[in-house]
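# Structural characterization, general
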Amino acid sequence: MKPQNLLIVLAIALLVVIPQTFYVVDQTQIAIVTRFGEYQKTSSNPGLKFKTPFAEQVTKFDNRLLRVDAAPASILTADKRNLVIDSYARYRIVDPLQFLKTVQAIPTALSRMDDIVYSELRRELGTHDMVEIITENREQLMEEVTEASNLATMEYGISVIDVRIRRVDLPSENEE
């Protein structure tokens, strides 16, 4: 083999192997390293890291405070009135390994969190009158919904920090 061809093959091999050997963890991320699907280590310190080429896979998650916006939904109150509630929740991934084992990806987690938060909102707000929800006990209600949502999401490695109602409206057919 000619020396030129050998250099070209060596350059191509390096271009393939080097990206498979190193990975970068940003200061806003936490990385889980798995070897053939088995957990190896967690990297939370930012910087350039080494991994075994082709055998180890790196999955990165955001370790900042994140937000999930729920679509506005109708909720029936204790006094049998429909309200359209627009809410959001702030959360953090506290156990990335558990998160990876249970939900594996952010879209799946958002879907499950949306279901959990809406369910807890519906359960809690369904036991109160419309006036209590809108004016009197909103802060206390949100704390109870946050605690219940947090307990439900801990099995996914997620901690719900806060649940808030952005807006409360009457259904469009009742506005007139």
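Refer to the preceding data block for the structure.
What this report covers is the structure whose coordinates are included nearby.

Here the focus is the packing of aromatic side chains. Per the counting criterion, the structure on display carries two aromatic pairs. When the ring of phenylalanine 22 is compared with that of phenylalanine 50, the centres are 6.1 Å apart and the planes differ by 70°; the resulting orientation is edge-to-face. Of this pair, phenylalanine 22 sits in strand β1 (residues 22–25) while phenylalanine 50 is found in strand β4 (residues 47–50), placing the two residues 28 residues apart along the sequence. We classify phenylalanine 22 as partly exposed; its relative accessible area is 39%.

Time to look at the side chain of serine 149. On the secondary structure map, serine 149 appears in helix α5 (residues 138–153). Apart from the residues within four sequence positions on either side, serine 149 is in contact with Ile116, Val117, Glu120, Val160 and Val163.

The next subject is the packing of helix α3 (residues 106–125) against α5. Contact pair α3 / α5: the axes reach a minimum separation of 9 Å and the direction vectors enclose 140°. It follows that α3 is oblique to α5 by the angle criterion. Where α3 crosses over α5, the two elements pack in a sense that is right-handed. For the pair α3 and α5, the contacting residues are Met113, Ile116, Val117, Glu120, Leu121, Arg123, Glu124 and Leu125 in the first and Leu141, Met142, Glu144, Val145, Ala148, Ser149, Ala152 and Thr153 in the second. Looking at the contact of α3 with α5, its residues break down into ten nonpolar, two polar and four charged.

Conventions we followed
- Residues numbered from 1 in each chain as written.
- Predicted model: local features only at pLDDT ≥ 70, side-chain atom pairs only at ≥ 80, totals over all residues.
- Heavy atoms only, no water.
- Phe/Tyr/Trp six-rings, centres within 6.5 Å; stacked < 30°, edge-to-face > 60°.
- Helix = DSSP H or I, 4+ residues; strand = E, 2+ residues; numbered from the N terminus.
- Buried < 20%, exposed > 50% of the residue type's maximum accessible area, 1.4 Å probe, protein only.
- Contact = heavy atoms within 4.5 Å.
- Axes fitted to C-alpha atoms, helices over the stretch in contact; angles between N-to-C directions.
- Parallel < 35°, antiparallel > 145°, perpendicular 65-115°, else oblique.
- Left-handed = near helix turned anticlockwise from the far one by under 90°.
- Nonpolar A, V, L, I, M, F, W, Y, C, P; charged D, E, K, R; others polar.

Shape descriptors only; they carry no functional weight alone.
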